[in-house]
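# Descriptive structure summary
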Amino acid sequence: MKKMSVKDVDVRDKRVLVRVDFNVPLSEGGQITDDTRIRAALPTVQYLEREGAKVILASHFGRPKGQRNLKYSLKPVAERLAELLGHPVPLAADCVGDEVRDAVAKLQPGEVLLLENVRFHPEEERNDPAFARELASLADLYVNDAFGTAHRAHASTEGVAHYIPAVAGFLMQKEVEVMGKALEAPEHPFMAIIGGAKVSDKIGVIENLLAKVDVLLIGGGMANTFLRAQGYSVGKSLLEEDKVPLAQDLMAKAKAKGVSLELPTDVVVAPGLGEGVTPTPRAVAVSDIPAEEMALDIGPASAERFASRVAPARTIVWNGPLGVFENPAFAKGTERMAQAVAESPALSIVGGGDSVAAVRRMGVADRITHISTGGGASLEFLEGKTLPGVAALKDRA
Ligand SMILES: Nc1ncnc2c1ncn2[C@@H]1O[C@H](COP(=O)(O)OP(=O)(O)O)[C@@H](O)[C@H]1O
Ligand SMILES: O=C(OP(=O)(O)O)[C@H](O)COP(=O)(O)O
Ligand SMILES: [Mg+2]
């Protein structure tokens, strides 16, 4: 990696602000369902502890839209991190302000403080320079270990790096190296699978992906916008109406480039996600999605077809579950794909907070070549973009 890492700087007795991506999935009851992202940051955190740094951790959690909202508190993360580190991890009430400043002043070398959700402040996502400077003023050094958020040019991922020396953490370094090597000259056929719920965020990467991949499978919430573009009604499904023309354009471009862009032909529908909904979840053709129901998984015929596309592939990148896999009624498409990818000898990368939770739950994570902590970040990396959170770090001399 061309960027300096935490190993290249002196951290002893220094206040070190570490941006991590602790945006882990939670169950409805507020339990962490997959702690991959917390575990993945441990090498950096434990190294800084051992080296006698004063460690200040910052992360976002969900999308509280710039409002303080304790539903998005990092409290469960502080508890899990404490379990993993084997000592308590205090959680500051905020990420800036006098109280935080006092807590940082009291930190001893080797101690860790977790700041509260940086997205409680609208200035974070706006990359407000004053807010970035305030974060930077807490520390002597900035370490970015948040690969999963490196595609965001926010105050804590990009802005802060303009005010204090900024280097990469071990996770950031590993992700960029492993992904870079895997995707430098990928073996073909190259297949990407895109699903999930962050449609407006991720549909934009597809255009550049068309220049790289031979096959593009689209499922999950992402599929609905494309199905709409094909003229189907998608009822109450997750849909980005204003992206329908873009989806149309992408399908035309895929065709012109000879990329096989495939959509589900059947989907599992239900009126809602709850238990005991009537009518109960069932598969229908995409032409028969009821007006009052939602498409919540790809159907069994589509799952089999998608799985059959895996066999010839030599490189596979997957981001975004193919259905609402958190609910067993809508997990079968994701399960079928996870099984197929696990059985494939191809170089496989599965990225994203929720996608990784899915392949772990399905017990196949150890048969994937690289489990990435980044979903949107790995897609933008695959596009060939330099991620803003990486670009902002100091170059190696
Ligand atoms: N058809 C669908 N409708 C609504 N949500 C969906 C659908 N398919 C998948 N999802 C949801 O997408 C979410 C994950 O999306 P996203 O955050 O984009 O993926 P990742 O975290 O892997 O990058 C999951 O919580 C899942 O329930
Ligand atoms: O969970 C994340 O991305 P992912 O869902 O694509 O894996 C990252 O923490 C980024 O979160 P964001 O998409 O709210 O900026
Ligand atoms: Mg996600």
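Residues numbered from 1 in each chain as written. Chains lettered and ligands numbered in written order. Predicted model: local features only at pLDDT ≥ 70, side-chain atom pairs only at ≥ 80, totals over all residues.

Keep this limit in mind: UniProt positions are given in the numbering used here, feature names are shortened, and annotations may be inferred rather than shown by experiment.
Under an unreviewed UniProt entry, the name given to the protein chain is Phosphoglycerate kinase, and the organism recorded is Acididesulfobacillus acetoxydans. According to the UniProt record, the Subcellular location (unreviewed entry) comment for the protein chain is "Cytoplasm". Among the UniProt annotations of the protein chain, the heading Pathway (unreviewed entry) holds the following wording: "Carbohydrate degradation; glycolysis; pyruvate from D-glyceraldehyde 3-phosphate: step 2/5."

### Notes on the sheet that holds strand 1 (residues 15–19)
The criterion, for reference: Any two strands with at least two DSSP-identified bridges between them are counted as paired. Strands here mean DSSP runs of E at least two residues long; helices mean DSSP runs of H or I at least four residues long; both are numbered from the N terminus. Lines fitted to C-alpha atoms define the axes here, with helix axes fitted over just the stretch in contact, and angles between the N-to-C directions of these axes take values from 0 to 180 degrees.
On the basis of which strands lie adjacent, the open sheet formed by five strands has the order 3-2-1-4-5 and parallel pairing. If you trace the sheet from one side to the other, it starts and ends with strand 3 (112–114) and strand 5 (166–168), each paired once. Across the sheet, the mean angle from the axis of one strand to that of its neighbour is 25°, orientation sign disregarded.

### A word on the site of ligand 1
Worth spelling out the cut-off: In this entry, near means the residue's backbone-placed C-beta atom lies within 6 Å of the molecule or strand. Only Asp, Glu, Lys and Arg are considered charged in this grouping, and only Ala, Val, Leu, Ile, Met, Phe, Trp, Tyr, Cys and Pro are considered nonpolar; every other residue, Gly among them, is considered polar.
Neighbouring ligand 1 are 20 residues; Gly196, Gly352, Asp354, Ser355 and Gly375 lie closest to it. Only helix 9 (220–229), strand 11 (294–298) and helix 13 (353–361) provide two or more residues apiece to the shell around ligand 1. Broken down by element, the shell around ligand 1 gets its largest block of residues, three residues, from helix 13. Residue classes in the shell around ligand 1 are distributed as six nonpolar, eleven polar and three charged.

### Thoughts on the environment of Phe120
As a reminder, the rule being used: The contact rule is simple: place each C-beta atom from the backbone, and if two of them lie within 7 Å, those residues are in contact.
Relative to the elements of secondary structure, Phe120 occurs in the loop between strand 3 and helix 4 (122–126). Expressed as a C-alpha distance, the spacing of Phe120 and Pro165, which sit 45 residues apart in the sequence, is 25 Å. Ignoring anything within four residues of it in the chain, the contact list for Phe120 reads Pro64, Gln67 and Arg68.

### Things to note about the packing of helix 9 against helix 10 (residues 244–257)
So the rule is basically this: Angles below 35 degrees are treated as roughly parallel, those above 145 as roughly antiparallel, those between 65 and 115 as roughly perpendicular, and all remaining angles as oblique.
Two elements in contact, helix 9 and helix 10, have axes separated by 8 Å at closest approach and are oriented at 80°. It follows that helix 9 is roughly perpendicular to helix 10 by the angle criterion. Contacts from Thr225, Phe226, Arg228 and Ala229 in helix 9 reach Val244, Ala247, Gln248 and Met251 in helix 10. Looking at the contact of helix 9 with helix 10 residue by residue, the class counts come to five nonpolar, two polar and one charged.

### Focus on the pairing of strand 11
As a reminder of what qualifies: Here a residue counts as buried when 20 or more other C-beta atoms sit within 10 Å of its C-beta, as exposed when there are 12 or fewer, and as partly exposed otherwise, the C-beta atoms being derived from the backbone.
Of all five residues in strand 11, five are buried, a share of seventy percent or more. Sheet topology note: the strand 9 (residues 266–270)/strand 11 ladder contains four bridges and is antiparallel. Considered in strand 11, the bridge of Val267 is made with Ile298.

### Describing the site of ligand 2
To be explicit about the condition: Residue ranges for the domains trace back to a domain assignment, done automatically or taken from a database.
The local shell around ligand 2 holds 13 residues, among which Asn23, Gly352, Gly353, Gly375 and Gly376 are the closest. A class-by-class count of the residues in the shell around ligand 2 yields no nonpolar, seven polar and six charged. Of the domains in this structure, domain 1 (6–174) and domain 2 (185–382) are the two that each give at least three residues to the shell around ligand 2.

### Side note on the UniProt feature "binding site: (2R)-3-phosphoglycerate" (unreviewed entry) in the protein chain
In the numbering used here, UniProt assigns the "binding site: (2R)-3-phosphoglycerate" (unreviewed entry) feature to Arg37, Arg119 and Arg152. The contact partners of Arg37, leaving out residues within four places of it in the chain, are Asp21, Phe22, Asn23, Val24, Gly148, Gly353 and Thr373. Following the sequence through the fold, Arg119 ends up in the loop between strand 3 and helix 4. C-beta crowding within 10 Å serves as the criterion here: with 25 such atoms nearby, Arg119 is assigned to the buried category. Ignoring sequence-local partners within four residues, the contact set of Arg119 consists of His60, Arg63, Pro64, Gly66, Glu124 and Glu125.

### Description of the UniProt feature "binding site: ATP" (unreviewed entry) in the protein chain
When the UniProt feature table is mapped to this numbering, "binding site: ATP" (unreviewed entry) covers Lys202, Glu326, Gly352, Gly353, Asp354 and Ser355. Here Gly352 is to be found in the loop between strand 13 (347–351) and helix 13. Beyond its immediate sequence surroundings of up to four residues, Gly352 is in contact with Gly196, Asn319, Gly320 and Gly375. Among the structural elements, Asp354 can be located in helix 13. Ignoring sequence-local partners within four residues, the contact set of Asp354 consists of Pro25, Gly196 and Pro321.

### Section: unusual backbone geometry
Only a minority of non-glycine residues have a phi that is not negative, and only a minority of peptide bonds are not trans. A cis amide bond links His188 with the next residue in sequence, Pro189, at an omega value of -5°. Structurally, Pro189 can be placed in the loop between helix 6 (170–184) and strand 6 (190–194). With omega at -10°, the peptide bond leading from Thr278 into Pro279 counts as cis. Structurally, the position occupied by Pro279 is in the loop between strand 9 and strand 10 (282–285). Its identity is not glycine, yet Lys65 carries a phi of approximately 60°, on the positive side. Structurally, Lys65 can be placed in the loop between strand 2 (54–58) and helix 2 (75–85). On the neighbour-count criterion, Lys65 (11 C-beta atoms within 10 Å) is exposed. In this model, Asn127 sits at a positive phi of 55°, which is unusual for a non-glycine residue. Along the chain, Asn127 turns up in the loop between helix 4 and helix 5 (129–136). C-beta crowding within 10 Å serves as the criterion here: with 19 such atoms nearby, Asn127 is assigned to the partly exposed category.

### What about the nonpolar core?
The following threshold applies: As used here, a nonpolar core is made of buried Ala, Val, Leu, Ile, Met, Phe, Trp, Tyr and Cys residues. They are joined through C-beta atoms within 7 Å.
Membership of the largest hydrophobic core comes to 125 residues, with the highest contact counts inside it found for Val16, Leu17, Val18, Ile56, Leu114, Leu135 and Leu216. Residue assignment places this core across two domains, with domain 1 (6–174) and domain 2 (185–382) each supplying three or more. The contact partners of Leu135, leaving out residues within four places of it in the chain, are Leu17, Ala58, Cys95, Val96, Ala155, Ser156 and Val160.

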